[in-house]
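Close look at the chain arrangement
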Amino acid sequence: PHSSSLPHAETISAVVMQTSAVLTIICGALAAAAFEIVEPPPGGGYDFVPDIPLWVRIDQKGQTGCFDLLLDGVSITITCEADTVLSGTVPAPGEHQIELVPTFKTSSSGPMVTSTFTVTNNNPIPAHLTKDGLTITVPEFVHEYHKWWHQTHVWLGTSWMGVSAQKQPMDLWNYQEVLYEVKPSLLLEIGTRFGGTTLYFSGVMKAVHNDGSPYKILTVDIEHTGVVSDKVREEDKVELLEAPSACLRVQERVRALREEYPGPMFVILDADHGMDNVTLELQMITPLMSEGDYMIVEDTNLDGHVGAVAPGWGPCPYDAIIEFMAMNRGMFQRDLEREYKFGFSQSVAGFLKFKGTAGAPIVNPLAENPYLHA
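As the structure is a computational prediction, the values presented were derived from the model and not from experiment.

**Describing the pairing of strand β14 (residues 265-269)**
The buried count for β14 comes to five of five residues, which makes it a mostly enclosed element. Relative to strand β15 (residues 294-297), β14 runs parallel, the two sharing four bridges. Bridge assignment links F266 to a residue of β15, and that residue is Y294.

Below, the structure written as structure tokens:
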């Protein structure tokens, strides 16, 4: 009996190995038919934007799987998701290749899915802001001054006409230049707080519309009573709305005001600084924006990048706008001349010209916005 057991074990082992190999081939073939890279579009491409990372969307066709994702032959991450934003991975202009290797295979086995795409550079970084044409370069002393300005709480003492504004004065100067150029008929301020910036916007808009053209300022915060200065309430072109910043009431009011005040819109996001909240604000407001509108995303200076003034703060407005722009290529154009006009800003990657969607649906990083339900 003992002499016959060894060959029997070897036979079973051989059968198992053959079966495993066949199953691997079958699973690989089935998976290859079930998965497809759809973003970036195979054979297509997009325009280079500094700091905006690569977004990969995998059409799983109802299946599930995990992959080693390679870019130009280099393993970047393991992903099991349909949407993957590769934070920190910003492909340079040129042709690139994405490969997906199932995690049940080794990278040496070769990719299961391969796709190529091309990055163009139609809006190069201004020469004085870059050394290599791909990254924005700011002198270290500028970063250090920015950190000093924030960490010593200088910003807490800024005011306009006696009302706390908590703004970087050079940003305010930039805002009035944008308002003069865009001449918006609707200004939407998300995050009123004490109202100093609202009061500032009111004065600038009066000057911009001194020809008598109609305009409105809508300022939103979750609480105004006992917080907002009475000086703001005296401004006849200012409407205060108490509501969560990304809710249906805000969206419906903006939609109505856009009809009543046709023309460009200027939007400034300065409410809750958590990444998810800012993402919900972007998802709420971008469907109402038109080409020629202008958006400011504030307090992106907190964390997530070189020169952050509060390292360790956690996911913040910077992460929200970077991810949103990665998943909605071409919607916004960074206004780098404005952003770096004075060296530093509270709105890193947050001076944005709205270019439109070219008919493409808006991609929402967060699948659900509970605040948009009636």
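**With respect to the packing of aromatic side chains**
Scanning all chains against the criterion turns up 13 aromatic pairs. Ring geometry for Y46 and F117: centres 5.9 Å apart, planes at 20°, overall stacked. In this pair, Y46 is assigned in strand β2 (residues 45-47) and F117 in strand β8 (residues 113-120), connecting sequence segments 71 residues apart. Considering the side-chain rings of Y175 and F266, the 6.3 Å spacing of their centres and the 65° angle between planes classify their relative orientation as edge-to-face. Here Y175 is found in helix α3 (residues 169-182), whereas its partner F266 is found in strand β14, with 91 residues between them in sequence. Neither Y175 nor F266 differs from the other in exposure class; each is buried. One residue, K237, lies across the ring of Y215, its end atom 5.6 Å from the ring centre. In this structure, R329 is placed above the aromatic ring of Y46, and the distance from its NZ or CZ to the ring centre is 3.9 Å.

**Some points on the pairing of β15**
The two faces of β15 match: Y294 and I296 on one face and M295 and V297 on the other face are all buried. One crossover worth recording links β14 to the parallel β15 by way of helix α7 (residues 275-285), and it is right-handed.

**Observations concerning the side chain of T89**
Looking at the secondary structure, you find T89 in the loop between β6 (83-86) and β7 (94-102). Beyond its immediate sequence surroundings of up to four residues, T89 is in contact with P53, L54, L71 and I76.

Cut-offs used in this document
Residues numbered from 1 in each chain as written. Predicted model: local features only at pLDDT ≥ 70, side-chain atom pairs only at ≥ 80, totals over all residues. Heavy atoms only, no water. Buried < 20%, exposed > 50% of the residue type's maximum accessible area, 1.4 Å probe, protein only. Helix = DSSP H or I, 4+ residues; strand = E, 2+ residues; numbered from the N terminus. Pairing = 2+ DSSP bridges. Phe/Tyr/Trp six-rings, centres within 6.5 Å; stacked < 30°, edge-to-face > 60°. Lys NZ or Arg CZ within 6 Å of the ring centre and 35° of its normal. Right-handed = clockwise from strand over helix to strand, strands pointing away. Contact = heavy atoms within 4.5 Å.

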